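Now for the letters of each chain:
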Amino acid sequence: MDPYAKPRERKVGIQRPKITHLPKSLEKRTRRERQAEKQAVAAERRAIKKAARRHLKQQLLAELGDAD
């Protein structure tokens with residue numbers, strides 16, 4: 001996933017929440033399970049973005065250190 005993707009581009013890829021349009025009688029997951037999965041995906045995205053920001057900051061500091 002691209003950490004700097006536009007809002008409509010973020011919910012793509014392998015780890016996206018699984019959306020199924022099934023009646024309640026056929027749905028095997030409970031509401032809590034679906035919400036937990038959605039929150040786990042959101043937490044993973046936040047971690048990816050945080051790691052990307054940290055990496056870019058380290059890269060910038062390294063470039064500034066080399067320039068001196």
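Residues numbered from 1 in each chain as written. Predicted model: local features only at pLDDT ≥ 70, side-chain atom pairs only at ≥ 80, totals over all residues. Heavy atoms only, no water.

S.K.: In this structure, what is going on with the overall build of the protein chain? I would like to understand it.
M.R.: Counting its regular elements, the protein chain contains one helix and zero strands. Within the structure as shown, the protein chain displays about 6,500 Å² of accessible surface, and the carbon and sulfur contribution to it stands at 56%. (Helix = DSSP H or I, 4+ residues; strand = E, 2+ residues; numbered from the N terminus. Areas by Shrake-Rupley, 256 points an atom, 1.4 Å probe, with all protein chains shown as cover.)

S.K.: Honestly, a positive patch on the surface in this entry has me stumped. Any pointers?
M.R.: Taken together, the side chains of Lys24, Arg31, Arg34 and Lys38 make up a positively charged region of the molecular surface. Classification of Lys38 as exposed rests on a relative accessible area of 55%. (Patch = residues over 30% accessible without salt bridge, like charges linked within 9 Å, V, L, I, M, F, W, Y side chains within 5 Å. Salt bridge = Lys/Arg side-chain N within 4 Å of Asp/Glu carboxyl O. Lys, Arg positive; Asp, Glu negative; His and termini not counted. Charge placed at Lys NZ, Arg CZ, Asp CG, Glu CD. Buried < 20%, exposed > 50% of the residue type's maximum accessible area, 1.4 Å probe, protein only.)

S.K.: Sorry, what's going on with a nonpolar patch on the surface here?
M.R.: A contiguous nonpolar patch, built from Leu60, Leu61 and Leu64 and spanning about 300 Å² of accessible area, is present on the exposed surface. The residue Leu61 is located in helix α1 (residues 31-67) in this model.

S.K.: Explain the pattern of salt bridges here, please?
M.R.: Opposite charge on two side chains allows them to pair when their charged atoms are near. Here the structure, examined in full by the defined rule, presents one salt bridge. Note that Arg29 and Glu37 form a salt bridge whose closest N and O atoms lie 2.4 Å from each other.

S.K.: Explanation requested: α1 in the structure shown.
M.R.: Residue pairs spaced three or four apart in an α-helix point in one direction, given the helix's 3.6 residues per turn. Over its 37 residues, α1 runs 54 Å from end to end, which matches the ideal 54 Å to within 8%, given 1.5 Å per residue. Listing the buried residues of α1 in full gives Val41, Arg45 and Ala52. (Expected span 1.5 Å × (residues − 1).)

S.K.: I'm lost on the environment of Ile19 in this one. Help?
M.R.: Looking at the secondary structure, you find Ile19 in the segment before α1. The class of Ile19 is exposed, set by a relative accessible area of 69%.

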